[in-house]
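Residues per chain are reported as follows:
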Amino acid sequence: MNFNKGLVIVLSGFSGAGKGTIMKHLLDKHKDAYHLSISATTRDKRTGEKEGRDYFFKTKEQFECLIEDGEFLEYANFNGNYYGTPKSYVDSLVEEGKDVILEIEINGALQVKKIYPDALLLFVTPPDAKQLKERLVGRGTETKEVIEQRLDLAYQQSFLMDQYDYLVVNDDLDECVERVHETIQNEKFRIHRNLNNIEIMKKELEVFSKGDN
Ligand code: 5GP
């Protein structure tokens, strides 16, 4: 089967739902299957992060120039910083038939869906709200105020979840990673994504049915 264009896969989720961990395991286990889009951001580099591996770190001015030049597929302001997906990287991978994953927040995800209506939108969530709260509290790294802010943001985001294609329920990590992989792979065989292939098959069958070959 010939997939002419690659699939754009967008992974979003509540803060504390474990989307970063899922992504890491997915890319470790299936490194040949996916390409990861590296975003640009104006937020400060955290300890252990590397330019070009985790993000392309930009100043506000640099980022705004890139916006002006139309260099982003989408961008959003999150927690007072810009985040954006470089357009040319994603576009060229899709043209080459490669599947590319974007780990981005919800406003950016919905912008991507407008540009790539065939994009597959996955939303990571714990099994229920109580577990989200427990995970945020359990990290022990955030103040009560920050936890409340995260839960309030999650509440607001819950109103947009219905615009995604699949929920990714992060219960058991390994199972969850495999479900994400299977969901993506199955999605590639959806009829509406394969109308070209069906046309090719029809034409080939027409020839065979006439006994010419
Ligand atoms: P962090 O600062 O923790 O790395 O990321 C904060 C949020 O920004 C996360 O929800 C992450 O998914 C999101 N994010 C990362 N890159 C992008 C991007 O290119 N565009 C958008 N819209 N969100 C992004």
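Provided above is the structure to which this section pertains.
Residues numbered from 1 in each chain as written. Predicted model: local features only at pLDDT ≥ 70, side-chain atom pairs only at ≥ 80, totals over all residues. Heavy atoms only, no water.

Q: Looking at this model, I keep getting lost on the overall build of the chain. Mind explaining?
A: When helices and strands are tallied, the chain shows 8 helices and 9 strands. Considering only C-alpha atoms, the chain reaches an extent of 75 × 40 × 30 Å along its principal axes. In the chain, which comprises 213 residues, the proportion classed as buried is 37%. Counting contacts in the chain only where the partners sit at least 6 residues apart, residues at least 24 apart contribute 66% of the total. Total accessible area on the chain stands at roughly 12700 Å², and carbon and sulfur atoms take up 51% of it. (Helix = DSSP H or I, 4+ residues; strand = E, 2+ residues; numbered from the N terminus. Buried < 20%, exposed > 50% of the residue type's maximum accessible area, 1.4 Å probe, protein only. Contact = heavy atoms within 4.5 Å. Areas by Shrake-Rupley, 256 points an atom, 1.4 Å probe, with all protein chains shown as cover.)

Q: Help me understand the site of the ligand, please; the structure alone is not making it clear to me.
A: Looking at the ligand, there are 15 residues lining it, with S39, R43, Y55, E74 and Y83 nearest. E103 places a main-chain nitrogen or oxygen 3.3 Å from an oxygen atom of the ligand. Elements with a minimum of two residues in the shell around the ligand: β5 (72-78) and β6 (81-86). When grouped by side-chain class, the residues that make up the shell around the ligand number 5 nonpolar, 4 polar and 6 charged. (Near = heavy atom within 4 Å. Polar contact = N/O pair within 3.5 Å; in protein donor to acceptor, adjacent residues only side chain to side chain. Nonpolar A, V, L, I, M, F, W, Y, C, P; charged D, E, K, R; others polar.)

Q: I keep staring at the side chain of S12 and nothing clicks. Help me out?
A: Within the element layout of this structure, S12 appears in strand β1 (residues 8-13). For S12, a relative accessible area of 1% puts it in the buried group. From its side chain, S12 meets the backbone oxygen of I104 in a polar contact 2.7 Å long. In this structure the side chain of S12 is engaged in a polar contact, spanning 2.7 Å, whose partner is the side chain of Y164. If near-sequence neighbours (up to four positions away) are discounted, S12 is found in contact with K19, I104, E105, I106, A109, L122, F123, V124 and Y164.

Q: What exactly am I supposed to notice about helix α1 (residues 19-29) here?
A: Along an α-helix, a turn takes 3.6 residues, which lines up residues three or four apart on a common side. All of the buried residues along α1 are K19, I22, M23, L26 and L27. Projection of α1 onto a plane perpendicular to its axis shows the buried side chains occupying an angular sector of 125°, all on one side. If you follow the buried residues of α1, they end up packed against β1, β2 (35-36), β7 (100-103), β8 (120-125), β9 (166-169) and α7 (173-187). (Arc of directions from axis to C-beta.)

Q: I tried to follow helix α3 (residues 87-95) on my own but got confused; where do I start?
A: Along α3, the positions that sit buried rather than exposed are V90, L93 and V94. Each buried residue of α3 sits inside an arc of 100° when the element is viewed along its axis, so together they form one side. The outward face of α3, more than 90 degrees from its buried face, is lined by the exposed residues S88 and E95. Elements that come into contact with the buried residues of α3 comprise β1, β2, β5, β6 and β7. Among the residues trailing α3, G97 stands out with phi positive, at a value near 85°.

Q: Where do I start with the packing of aromatic side chains in this structure?
A: Two aromatic rings are characterised by how far apart their centres lie and by the angle between their planes. Considering all chains together, one arrives at 11 aromatic pairs under this definition. A ring pair is formed by F123 and Y164, whose centres lie 5.1 Å apart and whose planes are at 80°; its orientation type is edge-to-face. Here Y164 lies in the loop between α6 (144-157) and β9 and F123 lies in strand β8, a separation of 41 residues in the sequence. The residues F123 and Y164 share a single accessibility class, namely buried. (Phe/Tyr/Trp six-rings, centres within 6.5 Å; stacked < 30°, edge-to-face > 60°.)

Q: Would you take a moment to explain the pairing of β1 for this structure?
A: Across a regular strand the side chains alternate sides, sitting on one face of the sheet and then on the other. Of all the 6 residues making up β1, 6 are buried; the element is thus mostly covered by neighbouring parts of the structure. Across 4 bridges, β1 lies against β7 in parallel orientation. Of the residues in β7, the one forming a bridge with V10 is L102. Where β1 lies against β8, 5 bridges are found, and the strand directions are parallel. Within β8, the residue paired with I9 across the bridge is L120. (Pairing = 2+ DSSP bridges.)

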